[in-house]
Amino acid sequence: MKGVRKMIRYTVEQEVEAEVFPEPFARAIKILADPERLGTRNLWLATDEIPPGSSSNLHAHQNEEVYFFLSGRGCVRVDDHEIPVDPGYCAFAPIGSSHQVSNVGDSILRFVIAVAPPFARETFESSHRGPDKQPAETRSEQDQKTLKCIVEQQAEGDVFPEPHARTIKPLAAPWTLGTRNIWLATDEIQPGNSSNPHSHDDKEEVVFFLSGKGRVSIDSEEMNVGPGHCVLFPVGSVHAVINEEDSVLRFIAVVAPPLPRTKSKSGSR
């Protein structure tokens, strides 16, 4: 299900119908942000749940893909490299790489997928359904060595003072994982604080809320948000996230093209 107010475009994960894949690649993908649902230009975002003993198919495409793991234990394969992943891990599959996510635990492996440029429907279908697909060309050994994973708990955060008290941890960025099209971070806003109203002249942002309750403001509109809400901040819109509750408001922010590396403490990220 998608929602459209005058300016605010959003989906709610709990109300979105999942794309269910059969064995041996059993998984359930809920597409939350794409050109069809929210009118995004630069981004595609979804949640993915893989049951124990299953995996995605091995595939490649001409889109950057970033994974942020929420629960469960898994393994990410990118080309000839495999990386074990747990909650808080963020992994990157570069353009043209052959990649796969497997569930090696005994509970559902749940994660967020961010893709840029966004999948066309036919690209999503052809790459994600069916047998394993090897890429047409093998990536060079030099390229393979640059593939990385970062752990949120070990990442340095940008800490902002009141009244915009928050901690932003950029996980996928040109200076962390070598992305070209995506910037992904976790953001935690303290009770009684907010991000300051700001805009990006040439960048699109999608936020996906993990815990807590709050509000988003986009231009002259506001709406309440909570876990499972996915909201688009269009290019050029003046937006802010507000936490007036008693607990931390935690969410994932994804921006394309990527934000530059800054250490601003003004709250104007």
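Rules behind the numbers
Residues numbered from 1 in each chain as written. Predicted model: local features only at pLDDT ≥ 70, side-chain atom pairs only at ≥ 80, totals over all residues. Heavy atoms only, no water. Core = buried A, V, L, I, M, F, W, Y, C linked by side-chain atoms within 4.5 Å. Buried < 20%, exposed > 50% of the residue type's maximum accessible area, 1.4 Å probe, protein only. Helix = DSSP H or I, 4+ residues; strand = E, 2+ residues; numbered from the N terminus. Contact = heavy atoms within 4.5 Å. Disulfide = S-S within 2.5 Å. Phe/Tyr/Trp six-rings, centres within 6.5 Å; stacked < 30°, edge-to-face > 60°. Lys NZ or Arg CZ within 6 Å of the ring centre and 35° of its normal. Pairing = 2+ DSSP bridges. Salt bridge = Lys/Arg side-chain N within 4 Å of Asp/Glu carboxyl O. Axes fitted to C-alpha atoms, helices over the stretch in contact; angles between N-to-C directions. Arc of directions from axis to C-beta.

Caption draft 1: A look at the nonpolar core. Counting 27 residues, the largest nonpolar core has L45, C90, L184 and V254 as the members making the most contacts within it. Going through the elements one at a time, strand 4 (27-33), strand 6 (64-71), strand 9 (89-93), strand 11 (109-116), strand 14 (166-172), strand 17 (204-211), strand 20 (229-233) and strand 22 (249-256) are the ones with two or more residues in this core. With residues near it in sequence (within four places) discarded, L45 still touches K30, I31, L32, A33, V112, I113, V206, F208, C230 and V254. I189, I218, M223 and V241 belong to the second-largest nonpolar core, a separate cluster that totals 23 residues.

Caption draft 2: A look at the state of the cysteines. As enumerated under the stated definition, the model contains zero disulfides in all. Sulfur of C149: no disulfide; nearest cysteine sulfur belongs to C90 and is 7.2 Å away.

Caption draft 3: Expanded view of the packing of aromatic side chains. A complete count under the given rule lists eight aromatic pairs for this structure. Taking 4.9 Å as the distance between ring centres and 75° as the angle between the ring planes, the aromatic pair formed by W44 and F119 counts as edge-to-face. With a gap of 75 residues between them, W44 in strand 5 (residues 44-50) and F119 in the loop between strand 11 and helix 1 (121-128) connect regions that are remote in the sequence. Both residues of the pair, W44 and F119, count as buried. An angle of 85° between the planes, with centres 5.7 Å apart, marks the rings of Y67 and F111 as edge-to-face. Of the two residues, Y67 is situated in strand 6 and F111 in strand 11; the sequence distance between them amounts to 44 residues. When its relative accessible area of 2% is taken as the criterion, Y67 is described as buried. For the cation-ring pair, R27 lies above F21, with the distance from its terminal atom to the ring centre recorded as 5.6 Å.

Caption draft 4: Representation of the pairing of strand 19 (residues 221-225). Going residue by residue along strand 19, you find E221, M223 and V225 tucked away on one face and E222 and N224 left uncovered on the opposite face. When strand 18 (residues 214-218) meets strand 19, the two strands line up antiparallel, connected through five bridges. Residue pairing for strand 19: G214 is matched across the bridge by V225.

Caption draft 5: Structural context of the pattern of salt bridges. Within this structure, the stated rule accounts for 15 salt bridges. For R250, the salt bridge is made with E188, and the minimal N-O distance between the two is 2.9 Å. You can see R250 sitting in strand 22 and its partner E188 sitting in strand 15 (residues 183-189), a full 62 residues away along the chain. By relative accessible area, E188 is classed as partly exposed at 27%.

Caption draft 6: Expanded view of the sheet that holds strand 7 (residues 74-78). With antiparallel pairing, the three strands of this open sheet are ordered in space as 8-7-10. Edge strands, defined here as strands with exactly one partner in the open sheet, are strand 8 (81-85) and strand 10 (99-103). Between one strand axis and the next, the sheet turns by 20° as a mean value, whatever way the strands run.

Caption draft 7: Looking closely at the environment of T40. The topology assignment puts T40 in the loop between strand 4 and strand 5. Residue T40 is classed as buried on the basis of its relative accessible area of 4%. When the C-alpha atoms of T40 and P234 are compared, they prove to be 7.7 Å apart, with 194 residues separating the residues in sequence. In contact with T40, other than residues within four places in its own chain, are A33, D34, P35, E204, V206 and L232.

Caption draft 8: Focus on the sheet that holds strand 21 (residues 239-243). Reading across from one edge, 16-21-18-19 is the order of the four strands in this open sheet, with antiparallel pairing throughout. If you trace the sheet from one side to the other, it starts and ends with strand 16 (193-194) and strand 19, each paired once. Alignment of strand 18 against strand 21, held across four bridges, turns out to be antiparallel. By the bridge assignment, V216 is partnered in strand 21 with V241.

Caption draft 9: Structural context of helix 1. Of all the residues in helix 1, the buried ones are F124, S127 and H128. Relative to the axis of helix 1, the buried residues are bounded by an arc of 85° and lie together on one face. As for helix 1, its buried residues are in contact with strand 3 (19-21), strand 4, strand 5 and strand 6. At the exit of helix 1 stands G130, carrying a positive phi of roughly 100°.

Caption draft 10: Examining the environment of I8 more closely. Along the chain, I8 falls in the loop between strand 1 (2-4) and strand 2 (9-12). Residue I8 is classed as buried on the basis of its relative accessible area, which comes to 0%. Linking I8 and D219, residues 211 residues apart in sequence, is a C-alpha distance of 9.0 Å.

None of this, on its own, says anything about what the molecule does.
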